[in-house]
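Here are the chains, one letter per residue:
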Amino acid sequence: MNTSALGRIALATGITVLSAGLLPATAHADDAVVERRTLPVLVEFADSSFQDAAAVKASTPDTYFGAKKDSLASFFSELSRGKYRVVPAVDEQYVGPVKLSMAAACDYGEINTQTQKALAERGLVRGEDYDSLSMVFPAQKTGCDWAGLGSVPGPYTWINLYGTAGGLGVVGHEFGHNLGLGHQMRSMCTDGDLVDCKENGTSAKSMMGGGGTAAGISAPEMIRADWLADSEKVKVAKSGTYTLRSLHGDGNGIRALDIPMGEDRLVVEYRHAAGSFDQDIEGVHAYRVPKVNYGSSTLIDMTEANKTAGNEAPADADADAITSVIDRASKVSVAVVASGGGRAEVKVSLEGADLSADVDTPATAAAPAAEHTATDTDAGDGLPDKTEAQGNADETASATADSADLAATGGDSNTVPIAAGGAALLLVGAGALVLMRRRERA
Ligand SMILES: [Zn+2]
């Protein structure tokens, strides 16, 4: 169990760059599709090779681009409902194994530098020939205590590979970091008011917390990824009762309420089994979004009864579901009027209209049309985000600088173009988070 993962998330000092398609503040058409040309590179060290290179080569296209549900491409296609496409950057779908001159070490900055250099020698330049670079290397001698690493946001993932295939549990999570998502923590606010909350482990409602890929990502993270259309995310400007449909799955309706709460936002969602997601999640959930950073949301848990250990998925589907949330400081309250069967009714009061009202146990909503038929739990979901290791800020900064230098040979070193849209570039002020994911030894 890990109770202070947030404290071990390193904030690097480097400046990073984000393409327009990944930034929710950048308006674009609801039907815009972002296409990421993704390049998995099999990397070997001077003194360490894949034990079964043929098997790694055979598995890599399936892991990233395969038609099965547990490929990265299929996973993001379903989760984004077609808004985000992971496509191969090269016909062969991967490159390598590429032999680096360095001895095996967990120096991800140097691995990145040498890999990009080797790719450039093959005529492959980041920004011109590929958008996302995923470095897959044999774990036996690296000494890394993580299974994967991803830049937040950004184009880089590192997979410290044991065995012959990267699982979606690791690869999906790291690519989630590339979308600008940090780790989703949980805040226990058991006295009924958000004024007094304590961090307690990770959220089980997101693969960026402890939920695994079967949870997909939560509403604030969907907003951060820009995967909700304007009609699906309502910026609540006045008190009222709103009907929510499930966050995931096909169909129309409101998937997220985005409520002003002082300088922060309160995002409310309704979760219900849909497609590959949320077979074990049910109910209305609330998240605090600091300032407007939707990639750094925290699950708000008001339930005294649920003291599930921080990183363990709760046994009950509706654990962590809210019936009401009150934030007296900002005079905001939310009450679940009805919830169940695929939809929820949520009453939102601004300006302190309802702060003293008792909230009854919500009724069960009438069942709407059935969602997707349940599908098997994601096979790649076997690796919960148990523990996190701290990234080294200096190394992170140097990794950024190194890659920028190398990319400069191909033009604007900061360019992370996307196929869809004009990709206006925006500098994100000091904040390249590099988050690590410790390998879980079964
Ligand atoms: Zn992580």
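Residues numbered from 1 in each chain as written. Predicted model: local features only at pLDDT ≥ 70, side-chain atom pairs only at ≥ 80, totals over all residues. Heavy atoms only, no water.

Caption draft 1: Geometry of the overall build of the protein. A count of helical and extended segments in the protein gives six helices and 21 strands. The 442 residues of the protein split such that 57% are buried. The contacts in the protein between residues at least 6 apart in sequence include a share of 70% that link residues at least 24 apart. (Helix = DSSP H or I, 4+ residues; strand = E, 2+ residues; numbered from the N terminus. Buried < 20%, exposed > 50% of the residue type's maximum accessible area, 1.4 Å probe, protein only. Contact = heavy atoms within 4.5 Å.)

Caption draft 2: Looking closely at the environment of Met-185. For Met-185, the location among the structural elements is in strand 9 (residues 185-188). Considering only alpha carbons, one finds Met-185 and Thr-298, 113 residues apart in sequence, at a separation of 5.1 Å.

Caption draft 3: Region of the structure containing the pattern of salt bridges. Counting across every chain of the model gives 18 salt bridges. Put simply, Glu-263 and Lys-291 hold a salt bridge, and the shortest N to O gap is 3.2 Å. With Glu-263 in the loop between strand 13 (256-261) and strand 14 (264-271) and Lys-291 in the loop between strand 15 (283-289) and strand 16 (298-301), this residue pair connects regions lying 28 residues apart in the sequence. Taking the shortest distance from any N to any O, the salt bridge between Glu-269 and Arg-271 comes out at 3.0 Å. Each member of the salt-bridge network shares a partner with another, and the members are Arg-186, Lys-205, Asp-301 and Asp-320. (Salt bridge = Lys/Arg side-chain N within 4 Å of Asp/Glu carboxyl O.)

Caption draft 4: The state of the cysteines, seen in detail. Inspection of the entire model under this criterion finds two disulfides. One disulfide bridge connects Cys-106 with Cys-144, the sulfur atoms lying 2.1 Å from each other. Around the S-S axis, the bridge from Cys-106 to Cys-144 shows a dihedral of about 115° and counts as right-handed. You can see Cys-106 sitting in the loop between strand 5 (95-99) and helix 3 (108-121) and its partner Cys-144 sitting in the loop between strand 6 (132-138) and strand 7 (146-152), a full 38 residues away along the chain. Take the cysteines of the protein that form disulfides and number them in order along the sequence; they join up as 1-2, 3-4. (Disulfide = S-S within 2.5 Å.)

Caption draft 5: Examining the sheet that holds strand 14 more closely. Spatial ordering of the open sheet is given by 10-9-16-15-14-13-11, a layout of seven strands whose pairing is mixed. Each of the sheet's edge strands pairs with one partner strand only, and the pair in question is strand 10 (198-202) and strand 11 (233-235). Each strand axis lies, on average, 30° off the axis of its neighbour in the sheet, ignoring direction. Of the pairings in the sheet, the one linking strand 9 to strand 10 comprises three bridges and is antiparallel in character. Residue pairing in the sheet places Met-188 in a bridge with Lys-198 of strand 10. (Pairing = 2+ DSSP bridges. Axes fitted to C-alpha atoms, helices over the stretch in contact; angles between N-to-C directions.)

Caption draft 6: Examining the coordination of the zinc ion more closely. Here the zinc ion is held by the protein donor atoms His-173 (NE2), His-177 (NE2) and His-183 (NE2), which lie 2.0 to 2.1 Å from it. Taken in sequence order, the residues that donate to the zinc ion follow the motif H-x3-H-x5-H. For His-177, a relative accessible area of 0% corresponds to the buried category. (Donors = N, O, S within 2.8 Å, 3.2 Å for Na, K, Ca; no water.)

Caption draft 7: Representation of the packing of helix 2 (residues 72-80) against helix 4 (residues 168-178) within the structure. Look at helix 2 against helix 4: their axes get within 10 Å of each other, and the N-to-C directions meet at 55°. On the basis of the axis angle, helix 2 is oblique to helix 4. As helix 2 runs across helix 4, the sense of the crossing is right-handed. The residues of helix 4 that touch helix 2, namely those facing Leu-72, Phe-75 and Phe-76, are Leu-168, Val-171, Gly-172, Phe-175 and Gly-176. A per-class count over the contact of helix 2 with helix 4 returns six nonpolar, two polar and no charged. (Parallel < 35°, antiparallel > 145°, perpendicular 65-115°, else oblique. Left-handed = near helix turned anticlockwise from the far one by under 90°. Nonpolar A, V, L, I, M, F, W, Y, C, P; charged D, E, K, R; others polar.)

Caption draft 8: Here's a closer look at the sheet that holds strand 17 (residues 324-327). Ordered in space as 12-19-18-17, the four strands form an open sheet in which the pairing is antiparallel. Sheet topology places strand 12 (240-245) and strand 17 at the edges, where each strand pairs with a single neighbour. Averaged over neighbouring strand pairs, the angle between their axes works out to 15° when direction is ignored.

Caption draft 9: Region of the structure containing the packing of aromatic side chains. Scanning the entire structure with this criterion turns up 12 aromatic pairs. Considering the side-chain rings of Tyr-64 and Phe-65, the 6.0 Å spacing of their centres and the 40° angle between planes classify their relative orientation as tilted. No difference in accessibility class separates Tyr-64 from Phe-65, as the two residues are buried. On the basis of an interplanar angle of 50° and a centroid distance of 6.0 Å, the ring pair of Tyr-156 and Trp-158 is categorised as tilted. Of the two residues, Tyr-156 and Trp-158, neither departs from the other in class, the shared state being buried. (Phe/Tyr/Trp six-rings, centres within 6.5 Å; stacked < 30°, edge-to-face > 60°.)

Caption draft 10: Highlighting the nonpolar core. By size, the foremost hydrophobic cluster in this structure holds 39 residues, and its most contacted members are Tyr-64, Leu-72, Phe-76, Leu-79, Ile-217 and Trp-227. It is helix 2 that provides the largest number of residues to this core, a total of five residues. Each of domain 1 (5-182 + 385-438) and domain 2 (185-349) gives at least three residues to this core. Ranked by size, the runner-up nonpolar core spans 26 residues in total, among them Val-268, Val-332, Val-336 and Leu-350. (Core = buried A, V, L, I, M, F, W, Y, C linked by side-chain atoms within 4.5 Å. Domains from an automatic or database assignment.)

Caption draft 11: The arrangement of the confidence of the model for the protein in detail. Across the protein, pLDDT averages 77, with 70% of residues at or above 70. Counting interchain partners and residues more than four positions distant, the pLDDT-below-50 stretch residues 1-27 has 86 contacts. Within the model, the stretch residues 365-442 combines pLDDT values under 50 with 209 contacts to residues more than four positions away or in other chains. (pLDDT = per-residue confidence, 0-100.)

Caption draft 12: Fine view of the pairing of strand 13. Burial of strand 13 is extensive: five of the six residues sit out of reach of the surface. As judged from the three bridges shared by strand 11 and strand 13, these two strands associate in the parallel manner. Across the sheet, the residue bridging to Lys-233 is Ala-256, located in strand 13. Pairing analysis gives five bridges linking strand 13 to strand 14, with the strands arranged antiparallel. Across the sheet, residue Ile-259 finds its bridge partner in strand 14, namely Leu-266. From the end of strand 13 to the start of strand 14, which pair antiparallel, there are two residues, and Gly-262 there has a positive phi angle of about 60°.

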